[in-house]
Amino acid sequence: MKLPELKIGELTAKIPVIQGGMGIGISLNRLAGTVAAEGGIGILSTAQIGFQEDKFQRASVRTNLQTIKKQLDKARSFAKGGILGFNVMVASFRYDDVVRATVEAGADVIISGAGLPMNLPDLVGDAKTKIAPIVSSVKAAKLILRNWAKKYNRTADFVVIEGPKAGGHLGFKADQIDEAILGMDDEVVKIIAHVKEYEEKFNMKIPVIFAGGVWDRSDIDHYMGLGCSGVQMATRFIGTQECDAPDDFKDRFLKATEDDIHLTTSPVGLPGRAIDNKFTETITNGVAAYKAQEAPKTPIIPIAKCLNCLQHKLCDRKTIPYCISEALLNSVEHNTDMGLIFSGTNGYRINEITTVKAIFDEIAV
Ligand SMILES: Cc1cc2nc3c(=O)[nH]c(=O)nc-3n(C[C@H](O)[C@H](O)[C@H](O)COP(=O)(O)O)c2cc1C
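For every chain, the first residue of the written sequence is number 1, and numbering continues from 1 along that sequence. Residue-level local features of this predicted model are given only where pLDDT is at least 70; pairs of side-chain atoms are given and counted only at 80 or more, and the full residue set underlies all totals for whole chains, interfaces and linings. As a rule here, side-chain values come from all non-hydrogen atoms in the structure, and water together with hydrogens is ignored.

The protein is annotated in an unreviewed UniProt entry as Probable nitronate monooxygenase from Pseudolactococcus raffinolactis.

As a further point, take the site of the ligand. The environment of the ligand is formed by 22 residues, the closest being Gly21, Glu162, Gly213, Gln232 and Thr235. At a separation of 3.4 Å, an oxygen atom of the ligand approaches a polar backbone atom of glycine 212. Alanine 234 is positioned with one of its backbone polar atoms (N or O) 2.9 Å from an oxygen atom of the ligand. Only the protein chains shown count as cover for residues, and all accessible areas are computed by the Shrake-Rupley method using a 1.4 Å probe. Alone, the ligand offers 610 Å² of accessible surface; in the complex the protein occludes 96% of this. Helix and strand definitions follow DSSP, with helices as H or I runs of at least four residues and strands as E runs of at least two, each counted in order from the N terminus. Residue assignment for the shell around the ligand shows that the elements contributing at least two residues are strand 5 (83-89) and strand 11 (230-233). Any residue with a heavy atom positioned within 4 Å of a molecule or strand is treated as near that molecule or strand. N or O atoms closer than or at 3.5 Å make up a polar contact, with two conditions inside protein: a donor-capable atom paired with an acceptor-capable one, and, for residues adjacent in sequence, both atoms drawn from side chains.

Moving on to the pattern of salt bridges. The salt bridge criterion pairs a side-chain nitrogen of Lys or Arg with a carboxyl oxygen of Asp or Glu, the two atoms within 4 Å. Tallied over the full model, the rule gives 14 salt bridges. The partner of glutamate 53 in a salt bridge is lysine 70, with the nearest N and O atoms 2.9 Å apart. Of this pair, glutamate 53 sits in the loop between strand 4 (41-45) and helix 2 (60-76) while lysine 70 sits in helix 2, and the two are 17 residues apart along the sequence. Relative accessible area decides the class of each residue, using a 1.4 Å probe on protein chains only: under 20% of the type maximum gives buried, over 50% gives exposed, and in between gives partly exposed. A relative accessible area of 22% means that glutamate 53 is categorised as partly exposed. Judged by relative accessible area, lysine 70 falls into the partly exposed class, the value being 44%. Among the salt bridges present, the one from glutamate 199 reaches lysine 205, with a minimum N-O distance of 3.3 Å. Under the relative-accessibility criterion, glutamate 199 is labelled buried at 13%. The exposure class assigned to lysine 205 is exposed, which follows from its relative accessible area of 54%. Here the salt bridges do not stand alone but share partners, grouping Arg94, Asp97 and Arg100 into one network.

In this section: a positive patch on the surface. Without a salt bridge and with relative accessible area above 30%, a residue can belong to a patch; like charges are then joined within 9 Å and nonpolar side chains (Val, Leu, Ile, Met, Phe, Trp, Tyr) within 5 Å. For the purpose of charge, His is not counted, nor are the chain termini; Lys and Arg are scored as positive and Asp and Glu as negative. Taken as the charge centre is NZ of Lys, CZ of Arg, CG of Asp or CD of Glu, depending on the residue. Residues Lys142, Arg146, Lys150 and Lys190 make up a contiguous surface patch of positive charge. If one sorts the elements of the positive patch by residue count, helix 5 (residues 138-152) sits on top with 3 residues. For lysine 150, the position within the fold is in helix 5.

To define axes, lines are fitted to C-alpha atoms, for helices over the stretch in contact only, and angles between the resulting N-to-C directions are given on a 0 to 180 degree scale. Relative to each other, helix 2 and helix 3 (residues 95-105) sit at 30°, their axes nearing to 9 Å. Taken together, helix 2 and helix 3 sit at an angle that is classed as roughly parallel. The handedness of the crossing between helix 2 and helix 3 comes out as right-handed. Side by side, helix 2 and helix 3 meet where Leu65, Ile68, Lys69 and Leu72 of the first sit next to Asp97, Val98, Ala101, Thr102 and Ala105 of the second. Ten residues, namely Ala, Val, Leu, Ile, Met, Phe, Trp, Tyr, Cys and Pro, are considered nonpolar, four, namely Asp, Glu, Lys and Arg, are considered charged, and the remaining ones, Gly among them, are considered polar. Considered class by class, the residues forming the contact of helix 2 with helix 3 number 6 nonpolar, 1 polar and 2 charged. The cut-offs work like this: below 35 degrees is roughly parallel, past 145 is roughly antiparallel, 65 to 115 is roughly perpendicular, and the gaps in between are oblique. We call a crossing left-handed when the near helix sits turned anticlockwise from the far one by less than a right angle, and right-handed when that turn is clockwise. Contact between two residues is taken to exist if any of their heavy atoms lie within 4.5 Å; hydrogens are not considered.

This next bit is on the packing of helix 5 against helix 6 (residues 177-202). Taken N-terminus to C-terminus, the directions of helix 5 and helix 6 make an angle of 15°; their axes are 9 Å apart at the nearest point. Judged by the inter-axis angle, helix 5 sits roughly parallel to helix 6. Viewed along their axes, helix 5 and helix 6 form a crossing whose handedness is right-handed. Contact with helix 5, carried on its side by Val138, Ala141, Lys142, Leu145, Arg146 and Ala149, involves Glu187, Lys190, Ile191, His194, Val195, Tyr198, Lys201 and Phe202 of helix 6 and no other residues of that element.

For the rest of this paragraph, the subject is the sheet that holds strand 12 (residues 261-264). Spatially, 9-13-12 is the arrangement adopted by the 3 strands of the open sheet, whose pairing is antiparallel. Where the open sheet ends on each side, the last strands, each with one partner, are strand 9 (168-169) and strand 12. Here strand 12 runs beside strand 13 (residues 272-275); their pairing, made up of 4 bridges, is antiparallel. From the neighbouring strand, isoleucine 261 faces strand 13, where its bridge partner is isoleucine 275. A pair of strands is treated as paired once DSSP finds two or more bridges between them.

All right, on to helix 3 then. Among the residues making up helix 3, those that are buried are Tyr95, Val98, Val99, Ala101, Thr102, Val103 and Ala105. On its buried face, helix 3 sits against helix 2, strand 5, strand 6 (109-113) and helix 4 (120-124). One or two residues past the end of helix 3 sits glycine 106, with phi positive at roughly 100°.

Before going further, it helps to spend a moment on the domain arrangement of the protein. One frequent convention defines the size of an interface as the accessible area lost when the parts assemble. Here the protein is described as being made up of domain 1 (6-247 + 349-364) and domain 2 (257-345). Residue ranges for the domains originate in an automatic or database domain assignment. For domain 1 versus domain 2, the distance between C-alpha centres works out to 23 Å. Listed by partner, the interface residues are 30 residues for domain 1 and 26 residues for domain 2. Buried area adds together the accessible area that both of two parts lose upon being put together, with accessible area traced by a 1.4 Å probe. Buried surface at the junction of domain 1 and domain 2, summed over both partners, amounts to about 2300 Å²; 62% is from carbon and sulfur atoms. Counting every contact that joins domain 1 to domain 2 gives 0 salt bridges.

Here's what the structure looks like:
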């Protein structure tokens, strides 16, 4: 059976697949533009989006803000009129300015998680840009939707549910993951029922999208069967020619086995799922001694320079085990041994580097 289109307000994606935003430097214009051109929704990550620009080391924040439009324009130039947007993490340094820059650049959609995007409607204002929070529980969905309705008399244009099998930072505590995997389908059904209340209240359709561990058509059918209108997939797109990451990053996925993917500690305060390497080994070996120290702590991996990636209230240099930006940048700047290589549970299933079109051809039939 043909997959249904995904409608978000006046926007229509031929294929109900959103490519999840992947920072730093994994989903930029090439991947997002190709996904959009092939009928899905392409998402660029704003996390240190300007890292390849000359001025980045000198003025990271300004360079990132300026690069948002440049990257989106580039993606648009070959997206064949497809839908493009950004993933902006609430924990980001100068979150408000980053969101405003994506709106000014002309983003079709903004997907925002890693925190509760409470003021997102205010930042987007009357712009046509569609907004979606990322939630991992009905509790978070309730909080955000209630707050948006009360404060801004508006609701989400769509909702992304991120489950515990996802890559990157997770919205679950490390010791809750196994239980969350078992209970996620029930949580999805509850979130959909809750979102329905807001569909009625605002007299509009609010598509719910599921993310985390979605790989093939049977996964998509499963979540559509629960009542979702589409899925968000990230890890699978790393195994494409168009993925913006360098080849040595992709090689790590080609070589990984199921036993090589684990949770790791992150300065963001959330667990992250990543591929084992020298970096994760260093962190795992150093974490007990690190936790035993009193502030100011000596980080497990020395920090060269703050690149202002996270809000300072969330990232205190005196108490972080390593710098998340340095670790993520290493992974895309040819130091994959000492880089943080985020991956969903399915990362080991990347056995070849294919194309976005081939993935869509496979899942769309
Ligand atoms: C390498 C990588 C980087 C990611 N970076 C981000 C990010 O910057 N912001 C975010 O909200 N989610 C991020 N994610 C999560 C994805 O957007 C997505 O929701 C999730 O990985 C979906 O699960 P899947 O990878 O199993 O398909 C990242 C995931 C990966 C694998």
